[in-house]
Amino acid sequence: MAETHVLFVEDDDVIREATQLALERVGFTVTAMPDGLSGLEAFRADRPDIALLDVMVPGLDGVSLCRRIRDESTVPVIMLSARADSIDVVLGLEAGADDYVTKPFDGAVLVARIRAVLRRFGHAAGPDGLGQGGAEADVEAFGGVLVFGDLEVDTDGMEVRRAGEQVALTPTEMRLLLEFSSAPGTVLSRDKLLERVWDYGWGGDTRVVDVHVQRLRTKIGQDRIDTVRGFGYKLRG
């Protein structure tokens, strides 16, 4: 199996070199770039399996770079930020990032988060972000086409249509929708969604869930997913 190719964009020379070595030691192939513009060029040239983007990089900041990548691909993106401020986290997630890690980070923690993302996207994900045996392999039990009003979820073809028009979802958004559609009308807590969709075996930041639910709502309809205050979310049956 081909090694997983990581694009790493970080302007701090020490962090960039140390992190690259740490990732390469566990078997990743790493392309490390010092700024957003060179990172975008490397993304287009190499089509990596996952992108790690520092928020504050020169030329083209990490959030803007994430948006540019998301315009072209659904490849998984993890944002890196020196701050845990809500604005950094939310901006990165709204730009299309799938997760974020706060600096300074432990190398083992970063590797674990990368592997968690790759598990739910599928190893060796291609330019469209869906690798062989990825999300499809995890949802075979759902099977068939599920219908919720004007929303159709084809769990075999991994496609979603709203009023007959195809809806483009990232793999994380698709997995989130599959969790909801497997139990319509059932309230799913943020912690449960973090466990099932983000593969967190530990406590995580529930803002990741909230932003992705909002992104999903804009695509499938604002009234399709209800907020149950104090408990979580549920899909209208």
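Before any of the text, the structure's been laid out above.
Computed from a predicted model, the values in this text were never measured in an experiment.

Caption draft 1: Just the packing of helix H7 (residues 171–181) against helix H8 (residues 190–197), in detail. With their axes 10 Å apart at the nearest point, H7 and H8 run at an angle of 125° to one another. Classified by the angle between their axes, H7 and H8 sit oblique to one another. Handedness of the crossing formed by H7 with H8: right-handed. Between H7 and H8, the residues in contact are Thr172, Arg175, Leu176, Glu179 and Phe180 and Leu193, Arg196 and Val197, respectively. Its residues assigned to classes, the contact of H7 with H8 shows four nonpolar, one polar and three charged.

Caption draft 2: Local environment of the environment of Gly237. As for its position among the elements, Gly237 is in the segment after strand S11 (232–235). For Gly237, a relative accessible area of 78% corresponds to the exposed category. Apart from the residues within four sequence positions on either side, Gly237 is in contact with Phe148, Pro184 and Arg224.

Caption draft 3: Highlighting the pairing of strand S7 (residues 151–154). Examined bridge by bridge, strand S6 (residues 145–148) and S7 share four bridges and lie antiparallel to one another. Residue pairing across strands places Phe148 opposite Leu151, the latter belonging to S7. Hairpin geometry of S6 and S7 is characterised by an intervening segment of two residues between the two adjacent antiparallel strands and by a positive phi of about 65° at Gly149. For S7 and strand S8 (residues 159–162), the ladder comprises four bridges, and the chain directions are antiparallel. When the bridges of S8 are listed, Asp154 appears paired with Glu159. Connecting the antiparallel pair S7 and S8 is a turn made up of four residues, with Met158 showing a positive phi of about 55°.

Caption draft 4: Examining H8 more closely. Within H8, the full set of buried residues consists of Leu193, Leu194 and Val197. Down the axis of H8, the buried set is contained in an arc of 105°. They therefore lie on one face. At the exit of H8 stands Asp199, carrying a positive phi of roughly 60°.

Caption draft 5: Local environment of the sheet that holds strand S2 (residues 29–33). Within the open sheet, the five strands sit side by side as S2-S1-S3-S4-S5. Their pairing is parallel. The open sheet is flanked by S2 and strand S5 (99–102), the only strands paired with a single partner. On average, each strand axis in the sheet is inclined to that of its neighbour by 20°, with strand direction left out of account. When strand S1 (residues 5–9) meets strand S3 (residues 50–54), the two strands line up parallel, connected through four bridges. From the neighbouring strand, Val6 faces S3, where its bridge partner is Ile50. In the packing of helix H1 (residues 13–25) onto the sheet, contacts are made with S1, S2 and S3, and the angle to S2 comes to roughly 170°. Across the sheet, helix H2 (residues 36–46) lies against S1 and S2, angled at about 165° from S1, the strand it touches most.

Caption draft 6: View of the sheet that holds strand S9 (residues 165–167). Taken together, four strands build an open sheet; the order of strands is S6-S7-S8-S9 and the sheet is antiparallel. Edge positions in the open sheet fall to S6 and S9, since each of these has one partner strand only. Strand-to-strand twist in this sheet, taken as the mean axis angle between neighbours without regard to direction, amounts to 25°. Contacting S6, S7 and S8, H7 crosses the sheet at an angle of about 105° to S7.

Caption draft 7: Molecular detail of the nonpolar core. In terms of nonpolar packing, the biggest core is built from 49 residues, with Leu53, Met79 and Phe180 touching the most fellow members. Top element by residues in this core is helix H9 (residues 207–220). It accounts for six residues. With 17 residues, the next largest nonpolar core counts Phe8, Leu23, Val101 and Leu118 among its residues.

Caption draft 8: Representation of the side chain of Arg224 within the structure. Relative to the assigned elements, Arg224 resides in the loop between H9 and strand S10 (225–228). The class for Arg224 is buried, based on a relative accessible area of 12%. Within the structure, Arg224 has its side chain in polar contact with the backbone oxygen of Phe148 (distance 3.4 Å). Among all residues touching Arg224, those that are not within four sequence positions of it are Phe148, Gly149, Asp150, Leu151, Lys234, Leu235, Arg236 and Gly237.

So, how was this worked out
Residues numbered from 1 in each chain as written. Predicted model: local features only at pLDDT ≥ 70, side-chain atom pairs only at ≥ 80, totals over all residues. Heavy atoms only, no water. Axes fitted to C-alpha atoms, helices over the stretch in contact; angles between N-to-C directions. Helix = DSSP H or I, 4+ residues; strand = E, 2+ residues; numbered from the N terminus. Parallel < 35°, antiparallel > 145°, perpendicular 65-115°, else oblique. Left-handed = near helix turned anticlockwise from the far one by under 90°. Contact = heavy atoms within 4.5 Å. Nonpolar A, V, L, I, M, F, W, Y, C, P; charged D, E, K, R; others polar. Buried < 20%, exposed > 50% of the residue type's maximum accessible area, 1.4 Å probe, protein only. Pairing = 2+ DSSP bridges. Arc of directions from axis to C-beta. Core = buried A, V, L, I, M, F, W, Y, C linked by side-chain atoms within 4.5 Å. Polar contact = N/O pair within 3.5 Å; in protein donor to acceptor, adjacent residues only side chain to side chain.

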